[in-house]
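Descriptive analysis of the structure
Listed here are the chains, written in short residue letters.
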Amino acid sequence: MHARNLLVALALTLAAPVLAAEPTPPVRPRQPPSAAEAAARHREKLSPFQVLVGNWQGDGWVDMGPHAGGRKTFQLKETVQPHLDGTVLVVEGLGTSRASPTAPEVPTHQALGVLSWDEAAGRVRFSAYRFGGGVVDTEMKLLGDGVFQWGFDMPQGRVRFTLDVRDGVWVEKGELSLDGGKTFGQFLEMTVRRAK
């Protein structure tokens, strides 16, 4: 019994300096990134979308069904430019059509979109605005090299747009699902080429 007490006393004696040592200072919370670091991260997250930057021209068609006049063709100009030192991309689209070959061109749609990195949500945010009102705040997903998709829900169903951009050609398809996203039917297609 005496040997055991001696061992316990020796262990406590050896541990006393460790127990008496000053406590470890608390871990400081991570400092938020500087403006330059945040901007660099935003540019990095938007780098796959740089393929969209430039001026584009082409044409397309839209078919909203027989009650809306069936299929209509249009001419299209798309402009995508970096802003705020490349931390956001602004997309502007203008579609025009003619009632007859000799009639003047009239706008069929005007759209503005903003691509940005949403740090809190961990995604590329796409805010799309239409002429006459309406905004959609959604995610622009990267599906593959030069392939992107965004969409939104509306009372009639789910709409999605898929962009395939390669070799200076941008093909975009619009599709609508009336069954909760199980099946989609195409209602829009546009093809634009990088303007020189």
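Read on for an overview of the structure. (Residues numbered from 1 in each chain as written. Predicted model: local features only at pLDDT ≥ 70, side-chain atom pairs only at ≥ 80, totals over all residues. Heavy atoms only, no water.)

Moving on: a nonpolar patch on the surface. Where nonpolar side chains cluster on the molecular surface, the patch consists of Leu-112, Tyr-129 and Val-135 and spans about 260 Å² of accessible area. On the basis of relative accessible area, Tyr-129 is assigned to the partly exposed category, the value being 38%. (Patch = residues over 30% accessible without salt bridge, like charges linked within 9 Å, V, L, I, M, F, W, Y side chains within 5 Å. Areas by Shrake-Rupley, 256 points an atom, 1.4 Å probe, with all protein chains shown as cover. Salt bridge = Lys/Arg side-chain N within 4 Å of Asp/Glu carboxyl O. Buried < 20%, exposed > 50% of the residue type's maximum accessible area, 1.4 Å probe, protein only.)

In this structure the tally under the stated criterion is eight salt bridges. Between Arg-166 and Asp-164 there is a salt bridge, with its nearest N and O atoms 2.7 Å apart. Given the relative accessible area of 29%, Asp-164 is considered partly exposed.

This brings us to the nonpolar core. Ranked by size, the top nonpolar core spans 26 residues in total, and within it Phe-49, Leu-52, Leu-115, Met-140 and Trp-170 carry the most contacts. Within the residue set of this core, elements represented by two or more residues are β2 (71-83), β3 (88-97), β4 (106-118), β5 (123-130), β8 (147-154), β9 (157-166) and β11 (185-194). Those residues in contact with Leu-115, other than ones at most four positions away along the chain, are Leu-46, Phe-49, Leu-52, Thr-87, Val-88, Leu-89, Val-124, Arg-125, Phe-126 and Met-140. (Core = buried A, V, L, I, M, F, W, Y, C linked by side-chain atoms within 4.5 Å. Helix = DSSP H or I, 4+ residues; strand = E, 2+ residues; numbered from the N terminus. Contact = heavy atoms within 4.5 Å.)

So, about the pairing of β11. Sheet topology places strand β1 (residues 54-63) next to β11; seven bridges connect them, and they run antiparallel. What sits directly across from Trp-56, in β11, is Arg-194. Note that strand β10 (residues 169-177) and β11 share eight bridges and pair antiparallel. Its bridge partner lying in β11, Val-171 is registered against Thr-191. (Pairing = 2+ DSSP bridges.)

Right, let's get into unusual backbone geometry. We note that Asp-85 has phi near 60°; this positive angle belongs to a residue other than glycine. The residue Asp-85 is located in the loop between β2 and β3 in this model.

Looking at where Met-140 falls in the secondary structure, it is placed in the loop between β6 (135-139) and β7 (141-144). Assessed through its relative accessible area of 4%, Met-140 is described here as buried. Sequence-wise, Met-140 and Gly-151 are 11 residues apart; in three dimensions their C-alpha atoms are separated by 8.1 Å. If near-sequence neighbours (up to four positions away) are discounted, Met-140 is found in contact with Phe-49, Leu-115, Val-124, Phe-126, Phe-148, Gln-149 and Trp-150.

This next bit is on the sheet that holds β1. Taken in spatial order, the 11 strands line up as β6-β5-β4-β3-β2-β1-β11-β10-β9-β8-β7 in an open sheet, and their pairing is antiparallel. Since the sheet does not close on itself, it has two edges, and those belong to β6 and β7, each with one partner. Each strand of the sheet is rotated relative to its neighbour by a mean of 20°, with strand direction disregarded. Direction of pairing for β1 relative to β2: antiparallel, over a ladder of 10 bridges. Note on β2: the bridge partner recorded for Gln-57 is Lys-77. In this fold helix α2 (residues 35-46) packs onto β3, β4 and β5, with an angle of close to 125° to the strand it touches most, β4. (Axes fitted to C-alpha atoms, helices over the stretch in contact; angles between N-to-C directions.)

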